[in-house]
There are 2 protein chains.
Amino acid sequence: MEVLIIGAGDMSRGIGLRLVRGGHQVRIADRDPDQAADLAEDLGDSASGEGLDSAAGAEVVILAMPYEGNKEIAGLWADQLKGKIVVDICNPVDYDTLDGLVTPPGKSAADEIAEAAPGAKVVKAFNTTFSSRLANTGRLDVFIAGDDADARKQIASLCTDADLRPIDVGGRKHALALEAFQLLHMKVQGEIEGNWSTALTFAP
Amino acid sequence: MEVLIIGAGDMSRGIGLRLVRGGHQVRIADRDPDQAADLAEDLGDSASGEGLDSAAGAEVVILAMPYEGNKEIAGLWADQLKGKIVVDICNPVDYDTLDGLVTPPGKSAADEIAEAAPGAKVVKAFNTTFSSRLANTGRLDVFIAGDDADARKQIASLCTDADLRPIDVGGRKHALALEAFQLLHMKVQGEIEGNWSTALTFAP
């Protein structure tokens, strides 16, 4: 599959590594094309870098920027995202307090993305996996929410290829639970000495 | 510590076993005093059974009934719960669909309990641990939310005694995230072949 990842940060690196290992074509797009190219080079031959030019050709677009950036690009690219699977991975966390979300009450970042890009098949995924764990080997749970069942299935299939365990939790209304719980996961890192490398999981 | 557990079901058994092993005095109270006595006998010498008579003497009261039952007893016992630590363990899940909560939007069951029993130090805990895991040995994460910091600390201390890892997530406003995420944990049991014995955890 051809996957376009927007943003060239740590999460893009982690997801990109997994997808490349899983046999997929990865395009990294960033405001800074050089940074995108650098990351793509690290990812390997089946990855390429580019500027924030176009989503054309990509079967899946992963918005891997912070909340505000994801919302902005969803709005700017609304036309070309129509009909595409758009994965929102962000956590709309209030980083001043690490004790709340910055989204309006009852709404998830995924809801906001879906509003900004009507007609896109918005899927929430990868918001509970820390980049350090993605960049390493080892199976991880990836929670998937979205209103388009086929889109959820396709992201689940990407996850399986990438040695991740997809957990399909259903409609987009559940994205808020994923975001609110991940806030807690982040908040307690000091308390549990997690070092930002713990994995949220349903353990056997 | 003297802990009064309301309800004589599987969760009461699991929590009771842990607390008895941890060296605490456990009172089981149920509408059916015989059922309470039977469970207490299973738990051991430091446990006793009684009817739904009174919370007097208990330092901690654990409401271990389903949502409606917890809300009802919180209201009926509002006067005697004043100033006490009251632990709400329930999941206000819509069991017809397993796809939503029955609480009003934006409110947790813990919020409702706190409204029903003003002045009680309401703590959300034990709602993400399946009874089967509590009844076995092995460390488990217990997520704790509540507005009274000292009450959270005391429940955390009980958990540590009971070979559980307390994770203090802060104020009661976070109880909704615990309930909404546990709904997902329940919902996907079939998908992940969890057999109602998986553990929600932040794994190292």
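Residues numbered from 1 in each chain as written. Chains lettered and ligands numbered in written order. Predicted model: local features only at pLDDT ≥ 70, side-chain atom pairs only at ≥ 80, totals over all residues. Heavy atoms only, no water.

**Some thoughts on the overall build of chain A**
From N to C terminus, chain A includes eight helices and nine strands. The C-alpha radius of gyration computed for chain A amounts to 16 Å, which stays within 12% of the reference 17 Å derived for 204 residues, consistent with globular compactness. Viewed in the frame of its principal axes, chain A has a C-alpha envelope of about 40 × 35 × 30 Å. Expressed as a percentage of its 204 residues, the buried residues of chain A come to 57%. A separation of at least 24 residues holds for 65% of the contacts in chain A among residues at least 6 apart in sequence. Of the roughly 7900 Å² that chain A leaves accessible, carbon and sulfur atoms contribute 47%. Between the centroid of the 19 positive side chains of chain A and the centroid of its 32 negative side chains there is a distance of 7 Å. (Helix = DSSP H or I, 4+ residues; strand = E, 2+ residues; numbered from the N terminus. Rg over C-alpha atoms; globule rule 2.2 N^0.38 Å. Buried < 20%, exposed > 50% of the residue type's maximum accessible area, 1.4 Å probe, protein only. Contact = heavy atoms within 4.5 Å. Areas by Shrake-Rupley, 256 points an atom, 1.4 Å probe, with all protein chains shown as cover. Lys, Arg positive; Asp, Glu negative; His and termini not counted. Charge placed at Lys NZ, Arg CZ, Asp CG, Glu CD.)

**Some words on the UniProt feature "domain: Pyrroline-5-carboxylate reductase catalytic N-terminal" (unreviewed entry) in chain A**
According to UniProt, the "domain: Pyrroline-5-carboxylate reductase catalytic N-terminal" (unreviewed entry) feature falls on residues 3–92 of chain A. Helix makes up 41% of residues 3–92 of chain A and strand makes up 23%, while its end C-alpha atoms are separated by 23 Å. (UniProt positions renumbered as here; feature names shortened; annotations may be inferred.)

**Focus: the layout of surface pockets**
Here the largest pocket is characterised by a volume of approximately 920 Å³. In terms of lining residues, the largest pocket is bounded by 36 residues, among which A:Gly106, A:Leu176, A:Ala180, B:Gly106 and B:Leu176 are the most central. Elements supplying a minimum of two residues to the lining of the largest pocket: helix H8 (175–187) of chain A together with helix H8 (175–187) of chain B. Tallying contributions element by element places H8(A) first for the lining of the largest pocket, with six residues. Of the residues belonging to the lining of the largest pocket, the class tally is 16 nonpolar, ten polar and ten charged. In this structure, the second largest pocket spans a volume of roughly 560 Å³. At the level of elements, helix H1 (10–21), helix H3 (67–76) and H8 of chain B are the ones that each hand at least two residues to the lining of the second largest pocket. Along the lines of polarity and charge, the residues of the lining of the second largest pocket split into 16 nonpolar, seven polar and four charged. (1 Å grid on protein atoms, 1.4 Å probe; cavity = no way out; pocket = protein on both sides within 12 Å on 5 of 7 lines; lining within 4 Å. Points joined across faces, edges and corners; volume = space filled by probe spheres on them. Nonpolar A, V, L, I, M, F, W, Y, C, P; charged D, E, K, R; others polar.)

**Details of the sheet that holds strand E4 (residues 60–63) of chain B**
All names here are of chain B. Pairing is mixed across the open sheet formed by eight strands, whose spatial order is E3-E2-E1-E4-E5-E6-E7-E8. Single-partner strands in this sheet number two, and they are strand E3 (47–50) and strand E8 (165–170). Neighbour to neighbour, the strand axes of the sheet diverge by 25° on average, direction disregarded. Pairing of strand E2 (residues 25–29) with E3 involves four bridges; the strand directions are parallel. Considered in E3, the bridge of Ala 29 is made with Glu 50. On top of the sheet, helix H5 (residues 109–116) reaches E4, strand E5 (85–88) and strand E6 (121–124); it is set at about 165° to E6, its chief contact. (Pairing = 2+ DSSP bridges. Axes fitted to C-alpha atoms, helices over the stretch in contact; angles between N-to-C directions.)

**Some details on the sheet that holds strand E5 (residues 85–88) of chain A**
Residue and element names in this part refer to chain A. The strand order across the open sheet formed by eight strands is E3-E2-E1-E4-E5-E6-E7-E8, and the pairing between neighbours is mixed. Strands with a single pairing partner mark the edges of an open sheet, and in this sheet they are strand E3 (47–50) and strand E8 (165–170). In this sheet, neighbouring strand axes are inclined to one another by 25° on average, regardless of whether the strands run parallel or antiparallel. As paired elements, strand E4 (residues 60–63) and E5 share four bridges and run parallel to each other. Paired with Val 61 across the two strands is Val 86, which belongs to E5. Against the sheet, helix H7 (residues 149–161) makes contact with strand E1 (2–6), E4, E5, strand E6 (121–124), strand E7 (141–146) and E8, and its axis sits at roughly 165° relative to E7, the strand it touches most.

**Side note on a negative patch on the surface**
Residues and elements named next belong to chain A. Taken together, the side chains of Asp 32, Asp 34, Asp 38 and Glu 41 make up a negatively charged region of the molecular surface. With respect to the helices and strands, the residue Glu 41 is situated in helix H2 (residues 33–43). Residue classification places Glu 41 among the exposed residues on the basis of a relative accessible area of 67%. (Patch = residues over 30% accessible without salt bridge, like charges linked within 9 Å, V, L, I, M, F, W, Y side chains within 5 Å. Salt bridge = Lys/Arg side-chain N within 4 Å of Asp/Glu carboxyl O.)

**Brief notes about the pattern of salt bridges**
Any two side chains of opposite charge can pair, given that their charged atoms come close. The final tally for this structure, using the stated rule, is 34 salt bridges over all chains. B:Lys107 is the salt-bridge partner of B:Glu112, the closest N and O atoms lying 3.2 Å from each other. In this structure B:Lys107 comes out as partly exposed when scored by relative accessible area, which is 23%. The partner of B:Arg152 in a salt bridge is B:Asp168, with the nearest N and O atoms 2.7 Å apart. Residue B:Arg152 is found in helix H7 (residues 149–161), and its partner B:Asp168 is found in strand E8; the two are separated by 16 residues along the sequence. The exposure class assigned to B:Arg152 is buried, which follows from its relative accessible area of 13%. Each of A:Lys71, A:Lys107, A:Glu112 and A:Glu115 takes part in salt bridges that share partners, so that together they form one network.

**A look at the nonpolar core**
With 67 residues, the main nonpolar core has A:Phe181 and B:Phe181 as its most contacted residues. The residues touching B:Phe181, leaving out its near neighbours within four places in the chain, are A:Phe143, A:Ala177, A:Leu178, A:Phe181, A:Leu200, A:Phe202 and B:Leu200. (Core = buried A, V, L, I, M, F, W, Y, C linked by side-chain atoms within 4.5 Å.)

**Quick look at the interface of chain A and chain B**
Contact with chain A, which involves 29 residues of that partner, is made by 30 residues of chain B. For the pairing of chain A and chain B, the buried interface totals around 2400 Å² over both sides, and the portion due to carbon and sulfur atoms is 66%. Three residues, A:Phe181, A:Leu184 and A:Phe202, lead the burial of chain A against chain B; their summed loss comes to 26% of the area buried on that side. Applying the counting criterion to the chain A and chain B interface returns two salt bridges. A salt bridge links A:Asp99 to B:Lys173; the shortest N-O distance between them is 3.1 Å. Where chain A packs against chain B, one counts 13 residue pairs in polar contact (both at pLDDT 80 or more). Of all the elements in the fold, those that place two or more residues in the side of chain A that touches chain B are E8, H8 and strand E9 (199–203) of chain A. Of all the elements, H8(A) adds the most residues to the side of chain A that touches chain B, at eight residues. Along the lines of polarity and charge, the residues of the side of chain A that touches chain B split into 17 nonpolar, five polar and seven charged. Taken together, the five bridges between E9(A) and strand E9 (residues 199–203) of chain B define a ladder with antiparallel strand orientation. Paired with A:Leu200 across the strands is B:Phe202, a residue of E9(B). (Buried area = accessible area lost by both parts, 1.4 Å probe. Polar contact = N/O pair within 3.5 Å; in protein donor to acceptor, adjacent residues only side chain to side chain.)

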